[in-house]
Amino acid sequence: VKTKVIGDAGESITIQHEQMRLIKLGCNDLAKLVKKIPEQFAVGYDISSFEGSGNMRRYIEVKTTVSYGKLHIYNFHMTPSEWSAAETNGDNYYVYRLSISKGDISLFVIKNPVKQYKKDETIEIVPRDGVDVRYSEKSGVYEEILA
């Protein structure tokens, strides 16, 4: 399966999840405004959503992995544009780490990876045409996929 197909699937799942999250918060109007950002804009995130309170934005970079068995992968790559957007948007920037395996989809949400790295908390990076990010289960939270 091509990387783009995997990425597109992860983004579709994330859009649906975000719409349902906002609806559960009573923000039906905001749920309609969740959208995928076209790649050619290279803004450093894939999905534009909302926190749910007020009109605060949520900028989401989706990282998706597909496998036959359940994986426990604790790393991903961020481009220079993605890392810069994470730094700029701070607490409104999220990485949604989707792991899709036969019969299971798990979502791990990491808020403000740059802050976590700078505070020497739970994220390590290795510069490589952007950064390779290594994280732990303390770096974020697992969320149930809302559909």
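Residues numbered from 1 in each chain as written. Predicted model: local features only at pLDDT ≥ 70, side-chain atom pairs only at ≥ 80, totals over all residues. Heavy atoms only, no water.

Picture the strands of a sheet paired through backbone hydrogen bonds; they go either parallel or antiparallel. If you trace the 3 strands from one edge of the open sheet to the other, you get E4-E8-E7, paired in antiparallel fashion. Single-partner strands in this sheet number two, and they are strand E4 (75-78) and strand E7 (123-127). Strand-to-strand twist across the sheet, computed as the mean angle between neighbouring axes with direction ignored, equals 25°. Pairing of E4 with strand E8 (residues 131-135), which is carried by 4 bridges, proceeds in the antiparallel orientation. Across the sheet, the residue bridging to Met78 is Val131, located in E8. (Pairing = 2+ DSSP bridges. Helix = DSSP H or I, 4+ residues; strand = E, 2+ residues; numbered from the N terminus. Axes fitted to C-alpha atoms, helices over the stretch in contact; angles between N-to-C directions.)

Here we take up the pattern of salt bridges. All chains considered together, the criterion is met by 12 salt bridges. Its salt-bridge partner being Glu18, residue Arg58 comes within 4.0 Å of it at the nearest N-O pair. Linking Arg58 in strand E3 (residues 57-67) with Glu18 in helix H1 (residues 3-24), this pair joins segments that are 40 residues apart in sequence. Judged by relative accessible area, which is 7%, Arg58 ranks as buried. Its relative accessible area of 0% is what places Glu18 among the buried residues. Connected through shared salt-bridge partners, Glu18, Arg21, Glu51 and Arg58 make up one network. (Salt bridge = Lys/Arg side-chain N within 4 Å of Asp/Glu carboxyl O. Buried < 20%, exposed > 50% of the residue type's maximum accessible area, 1.4 Å probe, protein only.)

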